[in-house]
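Single-letter residue listing:
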Amino acid sequence: MAKTLNLFQLIGQEQSREYWDALIKSGRFGHAHILSGHSGVGKDALAFTIAATLNCKSESVKPCGECQACRQILNLEHPALHLLFALPRKSASQTDPFSGLKESEMELINADLKKKIEWPYYHLQIDGANDIRIAAIRKLRKDIYLANDLGNTRVVIILRAHKMNVEAANALLKILEEPPQGTVFMLTTEFPDRLPDTIRSRCSMHHVPDLSWNLIQEDLIAKKGVDKIQAEICARMSMGDLAAAHTFAERDNTFWLDRIRATLNTLAREDFVSVHKQSLLLKDKALENDESRQQFLSLLILFFRDVAMDIKQGETALWVTQVQQMKKLFPECNSHAAIKEIERTKDALARKVHLQLALTALFFQLRKHLRGQS
Ligand SMILES: [Zn+2]
């Protein structure tokens, strides 16, 4: 099969692309689809690719990236493309989701959309945009039933579709029950379970698989110009979320490795329980704010995962020596219990429990798990 053009900068997901290509060519293409998968795996980019494939005017490879339809979809301005996303609640209008927004607010929304056009992995960050409301669906209804898109396939893409409130979801359901001819609905979401059963039963479900950290690492090296180690830290901390990895790559992560090593050294020492050592650890820069605490703990989880998997030279550039040292020093180390404990602490900190108590308890438990004591 001729390789189609990767118009929307999709990373990996070759199987998904081939699957959709074949489905579109088969002519047995349903009218409503849910693309689910973790944040940052490329669901929106895939939906845009499908919209371009369905509308591309090329006689051979679709999407060609050169015809007018492809170029318009690349700019998210094709007349047959209807893009829905959460907007701030500014007026009670039941038919116009944009009513009540000031010009300056519209400009911010357009600037945000522009970032999405430049890089489809970008998460829209519109202030106060918490849900997709009925006004958006009513406007959509008007647009798609009235539109005369000769020769085009209308594609409705609902970004983060789980943000639809109940009213909006019910209104969409009515459209899905009697869809206008030549219209395809693509709902992207990380939380398909939050969509009503009635909507899900009308759609075919497609899971977009996780990205491997190696792919993310390569992308960071190529696009962000970071070195291999920095790229690996960001890629692995992102847990498969390309957008998050790009954000991580914008700050300096080099000190994290040293912090993890220092923490492990402290944990490994027999006199760790001394109040002095503990307080030093708690004053660490790595724990000074919510974000860095979460980041630090995520990285600590990665370390214990590598211990559990007995990672070898060549599989990671981060801490092979430390992993092997740990295994030698603490052959009884219960990594799974350690990971569980760190995950528990991450949850607790997100709920704003007492910081010092939570971390002291964590370090105490980790110290035990290292030694295989339960
Ligand atoms: Zn084209």
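What counts as what
- Residues numbered from 1 in each chain as written.
- Predicted model: local features only at pLDDT ≥ 70, side-chain atom pairs only at ≥ 80, totals over all residues.
- Heavy atoms only, no water.
- Core = buried A, V, L, I, M, F, W, Y, C linked by side-chain atoms within 4.5 Å.
- Buried < 20%, exposed > 50% of the residue type's maximum accessible area, 1.4 Å probe, protein only.
- Helix = DSSP H or I, 4+ residues; strand = E, 2+ residues; numbered from the N terminus.
- Domains from an automatic or database assignment.
- Contact = heavy atoms within 4.5 Å.
- Salt bridge = Lys/Arg side-chain N within 4 Å of Asp/Glu carboxyl O.
- Pairing = 2+ DSSP bridges.
- Axes fitted to C-alpha atoms, helices over the stretch in contact; angles between N-to-C directions.
- Donors = N, O, S within 2.8 Å, 3.2 Å for Na, K, Ca; no water.
- Tetrahedral: all angles 85-135°; square planar, octahedral: opposite > 155°, others 65-115°.
- Expected span 1.5 Å × (residues − 1).
- Polar contact = N/O pair within 3.5 Å; in protein donor to acceptor, adjacent residues only side chain to side chain.
- Parallel < 35°, antiparallel > 145°, perpendicular 65-115°, else oblique.
- Nonpolar A, V, L, I, M, F, W, Y, C, P; charged D, E, K, R; others polar.
- 1 Å grid on protein atoms, 1.4 Å probe; cavity = no way out; pocket = protein on both sides within 12 Å on 5 of 7 lines; lining within 4 Å.
- Points joined across faces, edges and corners; volume = space filled by probe spheres on them.

### A closer look at the nonpolar core
Piece 1. Residues Met164, Phe185, Leu187 and Phe304 are the most contacted members of the largest nonpolar core, which totals 115 residues.
Piece 2. Here the element with the most residues in this core is helix H13 (residues 290-308); it accounts for nine residues.
Piece 3. When we break this core down by domain, the ones giving at least three residues each are domain 1 (14-210) and domain 2 (252-370).
Piece 4. Residue contacts for phenylalanine 185: discarding those within four places in its chain leaves His31, Ala32, His33, Leu140, Ile144, Val156, Leu172, Ile175, Leu176 and Pro179.

### Considerations on the pattern of salt bridges
Pairing is possible between side chains of opposite charge, provided their charged atoms come close.
Piece 1. With the rule as written, the count across this model stands at 16 salt bridges.
Piece 2. Two residues, arginine 133 and aspartate 131, come together in a salt bridge whose shortest N-O distance is 2.7 Å.
Piece 3. Put simply, glutamate 341 and arginine 344 hold a salt bridge, and the shortest N to O gap is 3.0 Å. Of this pair, glutamate 341 and arginine 344 are both found in helix H15 (residues 335-350), three residues apart, which corresponds to roughly one turn of the helix.
Piece 4. Overlapping salt bridges, with partners in common, bring together Arg89, Asp131 and Arg133 in one network.

### Things to note about the sheet that holds strand E2 (residues 81-84)
Piece 1. If you walk across this open sheet you meet the five strands as E2-E3-E4-E1-E5, and the pairing is parallel. Looking along the sheet, the strands with just one partner apiece sit at the ends: E2 and strand E5 (204-207). In this sheet, adjacent strand axes meet at a mean angle of 20° when their direction is disregarded.
Piece 2. With five bridges joining them, strand E1 (residues 32-36) and strand E4 (residues 183-189) adopt parallel strand pairing. Residue pairing for E4: isoleucine 34 is matched across the bridge by leucine 187.
Piece 3. Here helix H6 (residues 166-177) sits on the sheet and contacts E1, strand E3 (154-158) and E4; the angle it forms with E4, its principal contact strand, is near 145°.

### What about the side chain of aspartate 44?
Piece 1. As for its position among the elements, aspartate 44 is in helix H2 (residues 43-55).
Piece 2. The exposure class of aspartate 44 is buried, given its relative accessible area of 14%.
Piece 3. Sequence-distant contacts of aspartate 44, defined by excluding residues within four places in its chain, comprise Lys116, Pro120, Leu159 and Thr188.

### Comments concerning the coordination of the zinc ion
Piece 1. For the zinc ion, the protein coordination sphere consists of Cys56 (SG), Cys64 (SG), Cys67 (SG) and Cys70 (SG), at 2.3 Å.
Piece 2. Classification of the site at the zinc ion rests on its four donor atoms, whose angles at the metal span 103 to 119°, yielding the label tetrahedral.
Piece 3. Donor residues binding the zinc ion come from one chain and are separated in sequence as C-x7-C-x2-C-x2-C.
Piece 4. What makes cysteine 56 buried here is its relative accessible area of 4%.

### Observations concerning the domain arrangement of the protein
Piece 1. For the protein, the assigned domains read domain 1 (14-210) and domain 2 (252-370).
Piece 2. Just the C-alpha atoms count here: the centres of domain 1 and domain 2 sit 42 Å apart.

### Some points on H13
Because the α-helix completes a turn every 3.6 residues, residues three or four places apart line up on one side.
Piece 1. With 19 residues, H13 ought to run about 27 Å at 1.5 Å a step, and its terminal C-alpha atoms sit 27 Å apart, in line with that.
Piece 2. Counting buried residues in H13 gives 14 out of 19 residues, a clear majority hidden from the surface.
Piece 3. Near the N-terminus of H13, the side chain that reaches the backbone nitrogen of serine 292, with its oxygen 2.8 Å away, is that of asparagine 289.
Piece 4. Positive phi appears at aspartate 310, one or two residues downstream of H13, with a value of about 50°.

### Let's talk about the packing of helix H9 (residues 228-237) against H13
Piece 1. Close contact between H9 and H13 brings their axes to 10 Å; oriented N to C, the two are set at 95°. Comparing their axes, H13 and H9 come out roughly perpendicular. Counting all contacts with H9, which are made through Ile233, Arg236 and Met237, the residues of H13 involved are Gln295, Leu299, Leu302 and Asp306.
Piece 2. Here the contact of H9 with H13 is built from residues that sort into four nonpolar, one polar and two charged.

### With respect to the layout of surface pockets
Piece 1. Approximately 530 Å³ is the volume found for the largest pocket.
Piece 2. Residue lining of the largest pocket: 23 residues in total, with His82, Leu83, Phe85, Phe98 and Leu113 positioned closest to the centre.
Piece 3. Among the secondary structure elements, those contributing two or more residues to the lining of the largest pocket are E2, helix H4 (103-118) and helix H5 (134-146).
Piece 4. Considering every element that reaches the lining of the largest pocket, the biggest residue donor is H4, with six residues.
Piece 5. Tallied by class, residues from the lining of the largest pocket come to 15 nonpolar, four polar and four charged.

### A word on the environment of glutamine 365
Piece 1. Structurally, glutamine 365 is set in helix H16 (residues 355-370).
Piece 2. C-alpha of glutamine 365 to C-alpha of alanine 338: the two residues are 27 residues apart in sequence and 7.6 Å apart in space.

### Some remarks on the environment of aspartate 131
Piece 1. Among the structural elements, aspartate 131 can be located in the loop between H4 and H5.
Piece 2. C-alpha of aspartate 131 to C-alpha of lysine 163: the two residues are 32 residues apart in sequence and 4.8 Å apart in space.
Piece 3. When near neighbours in sequence (up to four residues on either side) are disregarded, aspartate 131 contacts Ala86, Leu87, Arg89, Lys163 and Asn165.

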